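# A structural walkthrough
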Amino acid sequence: MLRRNFRSQISSLSSLVFSIRLRTEIGRFVKLNVRPISLGKSLASSVREYRTSHANFSESDFHNSSDEFLEHVGDRVERSLEDGFDDDFEVNLSQGVLTISIGDIGTWVINKQTPNKQIWWSSPFSGPKRFEWNASLKMWSNTRDGASLAELIEKEMSEKTGVEIKLLEAR
């Protein structure tokens, strides 16, 4: 009984996000929001894994991954809206900035931030958010809560346009 209660308490910890300040190699402090990657790992090993994966994510890897992601999102959103949306819309990708303007609904901007290897999201509904590449999950994860950028795009744009937008099934 005690062991079962302990397991249920531990499983609820997987949704927590821990904020940690780490000193970088050049002496600056960086605040990381870390979610334990699995229940079998300690927070310390999750932080070590994150630091290693992010440190090994070269600028070239960042450009390749972010460019591929932005192109994929632009293509999928445009195809979905062409097939089922009656209002005017425009999807434009230029120099690492994807702009999606949808009639009277609003404009979303998704852009690369090379110096910190992030993708930034600006939405007329959910506001600004920042995402970093999570190598262990192979996705762009929100720096605050670990949520997937692809899932956010699918959910928010599908709700606001009434057209099902699927990014994940095509990858």
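Scroll up to find the structure.
Please read these numbers as outputs of a predicted model, since none were measured by experiment.

Rules behind the numbers
- Residues numbered from 1 in each chain as written.
- Predicted model: local features only at pLDDT ≥ 70, side-chain atom pairs only at ≥ 80, totals over all residues.
- Heavy atoms only, no water.
- Salt bridge = Lys/Arg side-chain N within 4 Å of Asp/Glu carboxyl O.
- Helix = DSSP H or I, 4+ residues; strand = E, 2+ residues; numbered from the N terminus.
- Buried < 20%, exposed > 50% of the residue type's maximum accessible area, 1.4 Å probe, protein only.
- Phe/Tyr/Trp six-rings, centres within 6.5 Å; stacked < 30°, edge-to-face > 60°.
- Lys NZ or Arg CZ within 6 Å of the ring centre and 35° of its normal.
- Polar contact = N/O pair within 3.5 Å; in protein donor to acceptor, adjacent residues only side chain to side chain.

## Observations regarding the pattern of salt bridges
For the structure on display, the rule yields 2 salt bridges. Here K112 ties to D67 by a salt bridge, and the two come within 2.8 Å at their closest N and O atoms. Of this pair, K112 sits in strand β5 (residues 106-113) while D67 sits in helix α3 (residues 59-84), and the two are 45 residues apart along the sequence. Since its relative accessible area comes to 17%, K112 is described here as buried. A salt bridge links K155 to E159; its shortest N-O distance comes to 3.4 Å. With a gap of 4 residues between them, K155 and E159 both fall in helix α4 (residues 149-161), about one helical turn apart. Each member of the pair, K155 as well as E159, carries the same accessibility label: exposed.

## So, the packing of aromatic side chains
All chains considered together, the criterion is met by 7 aromatic pairs. Residues F57 and W140 carry aromatic rings whose centres are separated by 6.2 Å and whose planes lie at 70° to one another, so their mutual orientation is edge-to-face. Of this pair, F57 sits in the loop between α2 (43-55) and α3 while W140 sits in strand β8 (residues 139-142), placing them 83 residues apart in sequence. Like W140, F57 is buried. Ring plane angle 65° and centroid distance 5.5 Å describe the contact between W133 and W140, whose orientation is recorded as edge-to-face. An aromatic cluster of three or more residues is present, and its members are F57, F62, W133 and W140. Of note, K160 hangs over the ring of F125, and the distance from its end group to the ring centre comes to 4.3 Å.

## Observations concerning the side chain of Q118
With respect to the element layout, Q118 can be found in strand β6 (residues 118-123). A residue is classified by how much of its surface remains accessible, and Q118, at 7% relative accessible area, is buried. Looking at Q118, its side chain comes within polar contact range of the side chain of N116, at 3.1 Å. Within the local environment of Q118, its side chain forms a polar contact with the side chain of E132, the two groups lying 2.9 Å apart.

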